[in-house]
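# Working through the structure, step by step
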Amino acid sequence: MKINAEFDQRVVVHSQEMEWVESPMPGVSRRALDRVGGEVARATTIVKYEPNSHFSPHVHTGGEEFIVLSGVFQDEHGDFPAGSYIRNPPESKHKPGSDDGCVIFVKLWQFQPEDRTHVRLNMNYMQTIPHKAFEGISFAPLYNDEYEDVVVMDFDANAELNLDVKNGAEILVLEGEVKEGDDLLVQHSWLRVPQNEKIQAKAGGKGAKVWMKTRHLDRVDQEITRVTNA
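Residues numbered from 1 in each chain as written. Predicted model: local features only at pLDDT ≥ 70, side-chain atom pairs only at ≥ 80, totals over all residues. Heavy atoms only, no water.

## A closer look at the environment of Arg120
With respect to the element layout, Arg120 can be found in strand S14 (residues 119–122). Residue class for Arg120 comes out partly exposed when judged on its relative accessible area of 38%. For the pair Arg120 and Phe80, spaced 40 residues apart in the sequence, the C-alpha separation amounts to 8.7 Å. Arg120 has contacts with His77, Phe80, Tyr85, Ile86 and Asn88, leaving out every residue within four places of it along the chain. (Helix = DSSP H or I, 4+ residues; strand = E, 2+ residues; numbered from the N terminus. Buried < 20%, exposed > 50% of the residue type's maximum accessible area, 1.4 Å probe, protein only. Contact = heavy atoms within 4.5 Å.)

## What about the packing of aromatic side chains?
Overall, the coordinates contain 4 aromatic pairs when judged by the stated rule. The interplanar angle of 80° and the centroid separation of 5.9 Å between the aromatic rings of Tyr49 and Phe73 together place this pair among those described as edge-to-face. Here Phe73 lies in strand S8 (residues 64–75) and Tyr49 lies in strand S5 (residues 41–49), a separation of 24 residues in the sequence. Classification of Tyr49 as buried rests on a relative accessible area of 5%. Summarising the aromatic geometry, the rings of Phe105 and Trp211 are spaced 5.2 Å apart at their centres and angled 65° between planes, so their arrangement reads as edge-to-face. You can see Phe105 sitting in strand S13 (residues 102–108) and its partner Trp211 sitting in strand S22 (residues 197–214), a full 106 residues away along the chain. Overall, Trp211 belongs to the buried group, its relative accessible area being 0%. Cluster of aromatic residues (ring-pair linked, three or more members): Tyr49, Phe55, Phe66 and Phe73. It is Arg31 that lies over the ring of Trp20; its NZ or CZ is 3.9 Å from the centre. The ring of Tyr143 carries the charged tip of Arg87 above its face, separated from the ring centre by 3.7 Å. (Phe/Tyr/Trp six-rings, centres within 6.5 Å; stacked < 30°, edge-to-face > 60°. Lys NZ or Arg CZ within 6 Å of the ring centre and 35° of its normal.)

## Regarding the environment of Trp190
One can find Trp190 in strand S21 (residues 189–193). When its relative accessible area of 0% is taken as the criterion, Trp190 is described as buried. As for Trp190 and Leu174, which are separated by 16 residues in sequence, their C-alpha atoms are 9.6 Å apart. Within the local environment of Trp190, its side chain forms a polar contact with the side chain of Glu170, the two groups lying 2.9 Å apart. (Polar contact = N/O pair within 3.5 Å; in protein donor to acceptor, adjacent residues only side chain to side chain.)

## Here's the deal with the side chain of Glu64
Structurally, Glu64 is set in strand S8. Here Glu64 sits buried without a salt bridge, and the closest side chain of opposite charge, Arg120, lies 8.9 Å off (N-O distance). Of the polar contacts made by the side chain of Glu64, one reaches the side chain of His60; its length is 3.2 Å. Residues contacting Glu64, with those up to four places away along its chain left out, are Ile86, Arg87, Asn88, His94, Val106, Lys107, Leu108 and Phe111. (Lys, Arg positive; Asp, Glu negative; His and termini not counted. Salt bridge = Lys/Arg side-chain N within 4 Å of Asp/Glu carboxyl O.)

## Quick word on the pattern of salt bridges
Enumeration over the complete set of coordinates arrives at 18 salt bridges. In this structure, Glu65 and Lys213 form a salt bridge, with 2.9 Å as the shortest nitrogen-oxygen distance. Of this pair, Glu65 sits in strand S8 while Lys213 is found in strand S22, placing the two residues 148 residues apart along the sequence. Lys213 matches Glu65 in its accessibility class, with the two residues each being buried. The salt bridge involving Glu148 is made with Arg219; its shortest N-O contact spans 2.6 Å. Highlighted residues: Glu148 in the loop between strand S16 (137–144) and strand S17 (149–155) and Arg219 in the loop between S22 and helix H1 (220–229), separated in sequence by 71 residues. Relative accessible area serves as the criterion here: at 1%, Glu148 is assigned to the buried category. Judged by relative accessible area, which is 4%, Arg219 ranks as buried. By sharing partners, the salt bridges in this structure join Asp34, Arg42, Glu65, Arg87, Asp115, Glu148, Arg192, Lys213, Arg219 and Glu223 into a single network.

## Brief notes about the pairing of S22
Bridge count between S17 and S22: 7 bridges; the pairing is antiparallel. Note that in S22 the partner of Phe155 across the bridge is Ala208. By the bridge criterion, 6 bridges tie strand S18 (residues 160–165) to S22 in an arrangement that is antiparallel. Each residue of the ladder has a partner; that of Leu161, found in S22, is Ala201. The pairing of strand S19 (residues 169–180) with S22 spans 10 bridges and is antiparallel. Note on S22: the bridge partner recorded for Gly176 is Ala208. (Pairing = 2+ DSSP bridges.)

Right under this line is the structure:
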């Protein structure tokens with residue numbers, strides 16, 4: 001299966017407008033943002049857990065990164081409310097679910113195979129730092145290594161971000177609205193910008209909160225090869 005698999009192209013998906021598609025697990029449905037592969041895939045997805053739904057215990061051979069968008073996600077490591085940012089590295093395992101229901105934004109098979117770093121943060125309690133290069137924008141780092149940067153950014157009303165992204169970027173609007181090019185990105189809209197392009201974004205009149213990952217789209221072919229051989 002291939003969905004938005006042309007990684008040299010700019011992609012915008014307004015996930016709130018998409019239909020939910022049932023997964024093989026009862027009570028769990030999905031909105032695919034990009035995907036290469038079958039049930040085991042390099043994928044970026046919005047996933048909804050109905051109340052009292054759970055996946056069977058499993059190992060994340062290729063790693064899992066996610067944000068809880070609403071509700072409370074649960075596994076044996078704890079309860080993770082909306083605003084939680086989690087990285088479960090390759091070879092980690094858990095039994096995910098939700099007693100009351102939740103929605104998450106999740107990325108699979110997008111880790112370096114040797115990565116073993118667990119991250120469990122609540123963005124709601126993180127203090128953002130004014131950005132030196134962009135007036136009206138503050139940020140908090142979520143994860144950084146030699147392969148990628150992940151941050152959460154608070155935009156003041158009408159604040160602008162003009163950023164060269166040599167190795168590509170993705171943004172997910174968590175709150176508010178952002179105009180990027182000719183597209184108005186609203187809550188849970190997702191943008192993927194290819195390598196050697198720019199992000200030219202301007203927040204709406206009420207500001208915005210945005211998750212952003214950069215420096216990571218130069219290794220997509222390697223990730224697809226790993227998932228294909230899994």
